[in-house]
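# Tertiary structure, described
Listed here are the chains, written in short residue letters.
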Amino acid sequence: MEVLSFILGSLVFPGLLFASLIGLLYIGIDRKVTGHMQNRIGPPIWQEFLDVGKLLSKEDITPGAAQSPIFTAAPLVALGAAVTVMLLIPVSSPQPTLTMVADLIVIIYLLNIPAICMMLGGYSSGSPFGATGAGRHVAQLFGYEFVFIIAILVAVVRVGSLGLPTIVNYQAQQGWLILDWRLLPAAIAALVAIQGKLLRVPFDIPEAESEIVHGSLTEYSGPKLAIWRLAYDVETIVVAGLFAALFLGGPTAYVIGGVQIPSIVDFLIKTLAIVLLTTTLRNIMARLRIDQALKFYWTSATLLAIISLVLVLVVP
Amino acid sequence: MPRILPQVLRNLLRKPATVKYPQVRVEPPKGYRGRPVVDPERCISCWLCIRTCPARAITISKETKKPSIWLGRCIFCGECAEVCPARAITMTKEFEFTTLR
Amino acid sequence: MTFIVPIGPQHPALKEPAFFRFEVKGEEIADVDIRFGYVHRGIEEALQRRDYKHDVYLIERICGICNVVHTTTYCQAIEQLAGVEPPERAKYIRVIILELERIHSHLLWLGIAAHQIGFNTLFMLAWRDRERVMDLREIISGNRVTSATNTIGGVRRDVKPEHVPTILRGLDELEHSTKYYIDLFNSDRTILARCTNVGILTKDDARKFCAVGPLARASGVDTDIRRDHPYAIYDKLSFNVITEREGDVWAKSMVRLREILEAIHIVRQAVKEMPIGPIRIKVNLEIPRNEAIERTEAPRGELFYYALSNGTDSPERVHVRTPTCANFASIKRMFLGGTVAEIPIVIWSIDPCFACNDRVALVDSHTGKTFNLSLKELRKWRH
């Protein structure tokens, strides 16, 4: 019975099926809103489903230089890692599907796997664009990851637990962590790190299309590219869900006017808000150069996170 | 704060500048140089259009001795419509030449 | 360790085929090798096989974006050969369309430049405003890009009085949004971070490599054919020649943006002062042996035409030197010491038009080497 529920959890809810549907839908919304922000109509909201569906049905062309198991396995591993994180973050209740002692550490590690897979895919593709993109991705990873970890650490220190359910339960009693003035800089830093993690403007340097075509994913096509798109979309929702759980109180159930609103609705609203925030950010800036991005991460963003950490440690 | 932010947020509420093309069509203005059509009734077979066409897109049919325009070569300059003494060639507003099979 | 980053012949940073071979150390560019000739169409030879009037339409297709300036230069050269002067009103109409074309070309440049630095919102907004210029050109000439308005001895289509209010209204909107873009380029921090101190061409280098147009003006070289060697009715209009001192990508975009404002100013003057009269005269196109050169200021810089007639109704020789051809000499200097991330914006900062540029390139298909021919060898080749 337990095995069955685990399989259901990883494949249907909140695993692969649910995460893909919501991820594709949210990226579709992101593209539609982007269109309107640029004063054009934009694609329909379900465009991402059509794109991924079409890619899945297309012929897979792998260049001769990229004929390696790594090149083939990279998208699958990335998708698997992203879906696994989905099981670890609270979706329909404060309690995630899988619980561990210190699940935040596991989440941090797992969230790096898609990025690492992308680099491996880029390096093994045998294309100079892939190699340049992967090189830039490594550099950028060292920028945003530090900020991201410090920002998470702030929340952990504030609550005094490495368990995500504990942090969510703490916020249910004490109010959202983002409303605490000492944690506000950390939340902003985390948002900046998310922008880099999701490779969105101004930090879309590893896949800057006008410079290095599509970076690591240049040589991917057909179903493999579809899986990459899916992995990216799931990663988006996962990162947004993690941010919601850490700073926005996670999924909570409400009663408004006598109507019971399940916590899954709360989860969807909060993640959508975060996705829309990143959409706005990516539409108002130009892409930075890699040195400028690193400088920004290592000075302003790190400073914000560390100030917050010091404040949490010092001010009672 | 980025300077373009107010503009971007205002664009969210504005009507998009683009239209859904195949469903919504924008009428070209008067005098648009679209597909040239030949009116064989008015044509006097002077063949001035053949001499004037820079792309050599106008051919003569053997039976009727009237010109016909090969759209594959036509560059829509409108010289033939201008030169025609009988006004038999006119430029329409039609600009879609691809068809669905 | 250096490795090669190939840009082109097919690459999203290039809107037309050309091949740039970058030797890259990490992110830094160590050397660059440029190869052209992918869109060579043999136009100059084809021009000799048609008559003068048909040539206008072939000339128009040398470059899609600056088609009016090409035909204007050609028509002026032929008018010079034939010794005729087009009517005043035709000159005014030419200037109106030329300046609308400059606005459209610079807005197109702005959009792609924004795309090259990853600013897609600005790209879309700039192209939205470019649509307005194209609508104006559609009203005047009957087509959005290829205007087919110029002809030898004048213009084919008049600017009707009922179009004047529409044109002025469109110009007002354009002025408003151009000022907004200038403001944006002055203040947006990500744009400044990407554009300042990138792809610098100093004033000395600009002189040495014979840069023309906005590229030279951005480096502080005060040159503009419209003022230095007025054609059409530019001597009767008042306008400023925009220069900047820095010579980087920011200065180049600033020159272009401020030139849009000047172009709007010129169109307003031309529309207001346009005299009434005929728009074209008949020219006898059996021109006796004569030669003429004509220079104009295209949106990208100085455009040069040489025409030679031989008594028949088709030219003996028409030679075209496009501004891109003059500007490519300085591109290597702008790259060296830069990074890979700068490649697209620096290539685009000279506003390249490869189709304009590719006249003759002789490439040995076995070794891939380009070579030059002397005039004698070339004559032998042709026959």
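The structure under discussion appears in the preceding block.
Residues numbered from 1 in each chain as written. Chains lettered and ligands numbered in written order. Predicted model: local features only at pLDDT ≥ 70, side-chain atom pairs only at ≥ 80, totals over all residues. Heavy atoms only, no water.

Moving on to the overall build of chain A. Within chain A, the regular secondary structure consists of twelve helices and two strands. Along chain A, helices (α) and strands (β) appear in the sequence α-α-α-α-α-α-α-α-α-α-β-β-α-α when read from the amino end. The globule rule puts the C-alpha radius of gyration for 316 residues at 20 Å, and the 19 Å found for chain A is close to it. Its C-alpha atoms put chain A at 60 × 50 × 45 Å along the principal axes. Residues counted as buried form 57% of the 316 residues belonging to chain A. Of the contacts formed within chain A by residues at least 6 apart in sequence, a portion of 79% connects residues at least 24 apart. Accessible area of chain A: about 12300 Å², with a carbon and sulfur share of 74%. (Helix = DSSP H or I, 4+ residues; strand = E, 2+ residues; numbered from the N terminus. Rg over C-alpha atoms; globule rule 2.2 N^0.38 Å. Buried < 20%, exposed > 50% of the residue type's maximum accessible area, 1.4 Å probe, protein only. Contact = heavy atoms within 4.5 Å. Areas by Shrake-Rupley, 256 points an atom, 1.4 Å probe, with all protein chains shown as cover.)

What follows concerns the side chain of glutamine 171 of chain A. Here glutamine 171 of chain A is to be found in helix α7 (residues 164-174). Accessibility expressed as a relative area gives 2% for glutamine 171 of chain A, which makes it buried.

Quick look at the pairing of strand β6 (residues 290-298) of chain C now. Residues and elements named next belong to chain C. Sheet topology note: the β6/strand β7 (residues 301-309) ladder contains nine bridges and is antiparallel. Counterpart to isoleucine 293 in the pairing with β7 is tyrosine 306. Count of turn residues in the β6/β7 antiparallel hairpin: two residues. (Pairing = 2+ DSSP bridges.)

Moving on, we get to a nonpolar patch on the surface. Residues and elements named next belong to chain A. Taken together, the side chains of Val3, Phe6, Ile7, Leu8, Leu11, Val12, Phe13, Leu17 and Leu21 present a nonpolar region at the surface, about 800 Å² in accessible area. Elements that contribute at least two residues to the nonpolar patch include exactly α1 (2-11) and α2 (16-37). The element contributing the most residues to the nonpolar patch is α1, with five residues. Structurally, leucine 11 can be placed in helix α1. (Patch = residues over 30% accessible without salt bridge, like charges linked within 9 Å, V, L, I, M, F, W, Y side chains within 5 Å. Salt bridge = Lys/Arg side-chain N within 4 Å of Asp/Glu carboxyl O.)

With that settled, consider helix α12 (residues 290-314) of chain A. All names here are of chain A. The terminal C-alpha atoms of α12 lie 34 Å apart, and with 25 residues this matches the ideal 36 Å at 1.5 Å per residue to within 8%. The axis of α12 is deflected most strongly, by about 35 degrees, at threonine 302. Among all positions in α12, only Ile290, Gln292, Ala293, Tyr297, Ala301, Thr302, Ala305, Ser308, Leu309 and Val312 are buried. (Expected span 1.5 Å × (residues − 1). Bend = angle between axes of the 7 residues up to and from the residue.)

Residue and element names in this part refer to chain A. Per the counting criterion, the structure on display carries five cavities of 30 Å³ or more. Here the largest cavity defines a volume of roughly 100 Å³. Looking at the largest cavity, the residues that line it are Pro114, Ala115, Met118, His137, Tyr144, Lys197, Leu198, Leu199, Trp228, Ala231, Tyr232 and Glu235. Put simply, the parts of the chain that give the lining of the largest cavity at least two residues each are α5 (103-124), α6 (128-159) and α10 (222-247). No other element matches the four residues that α10 contributes to the lining of the largest cavity. Its residues assigned to classes, the lining of the largest cavity comprises nine nonpolar, one polar and two charged. (1 Å grid on protein atoms, 1.4 Å probe; cavity = no way out; pocket = protein on both sides within 12 Å on 5 of 7 lines; lining within 4 Å. Points joined across faces, edges and corners; volume = space filled by probe spheres on them. Nonpolar A, V, L, I, M, F, W, Y, C, P; charged D, E, K, R; others polar.)

Take the nonpolar core next. Nonpolar side chains in soluble globular proteins tend to end up buried together. With 218 residues, the main nonpolar core has Leu242 and Phe247 of chain A together with Phe20, Phe22, Tyr74 and Ile103 of chain C as its most contacted residues. No other element matches α10 of chain A, which puts 17 residues into this core. In this structure, Ala55, Ala57, Ile58 and Ile69 of chain B belong to the second largest nonpolar core, which totals eleven residues. (Core = buried A, V, L, I, M, F, W, Y, C linked by side-chain atoms within 4.5 Å.)

Take the interface of chain C and chain B next. Counting residues at the interface gives 25 residues for chain C and 23 residues for chain B. When the two sides are added together, the surface that chain C and chain B hide from each other amounts to roughly 2100 Å², 45% of it contributed by carbon and sulfur. On the chain C side of the interface with chain B, the three residues burying the most area are His54, Tyr57 and Arg156 of chain C, jointly 24% of the side's total. There are four salt bridges connecting chain C and chain B. Between arginine 3 of chain B and aspartate 183 of chain C there is a salt bridge, with the nearest N and O atoms lying 2.3 Å from each other. Inspection of the region where chain C meets chain B yields 15 residue pairs in polar contact (both at pLDDT 80 or more). With six residues, helix α5 (residues 120-141) of chain C is the largest single contributor of residues to the side of chain C that touches chain B. (Buried area = accessible area lost by both parts, 1.4 Å probe. Polar contact = N/O pair within 3.5 Å; in protein donor to acceptor, adjacent residues only side chain to side chain.)

As a further point, take the environment of arginine 49 of chain C. Residues and elements named next belong to chain C. The residue arginine 49 is located in the loop between α1 (43-48) and α2 (52-60) in this model. The class of arginine 49 is exposed, set by a relative accessible area of 62%. Along the primary structure arginine 49 and isoleucine 97 are separated by 48 residues, whereas in three dimensions their C-alpha atoms are 29 Å apart. Within the structure, the side chain of arginine 49 is placed 3.0 Å from the side chain of glutamate 45, a separation counted as a polar contact.

All names here are of chain C. Across seven bridges, the pairing between strand β2 (residues 19-25) and strand β3 (residues 28-35) is antiparallel. Bridging from a neighbouring strand, glutamate 23 pairs with aspartate 31 of β3. The loop that links β2 with its antiparallel partner β3 comprises two residues; one of these, glycine 26, has a positive phi angle of about 65 degrees.

Let us now look at the sheet that holds β3 of chain C. Remark on secondary structure: sheet strands pair via backbone hydrogen bonds, oriented parallel or antiparallel. Residue and element names in this part refer to chain C. If you trace the three strands from one edge of the open sheet to the other, you get β1-β2-β3, paired in antiparallel fashion. What marks the edges here is a single partner per strand, and that holds for β1 (3-7) and β3. For this sheet, the mean inter-axis angle between neighbouring strands, taken without regard to orientation, is 25 degrees. When β1 meets β2, the two strands line up antiparallel, connected through five bridges. (Axes fitted to C-alpha atoms, helices over the stretch in contact; angles between N-to-C directions.)

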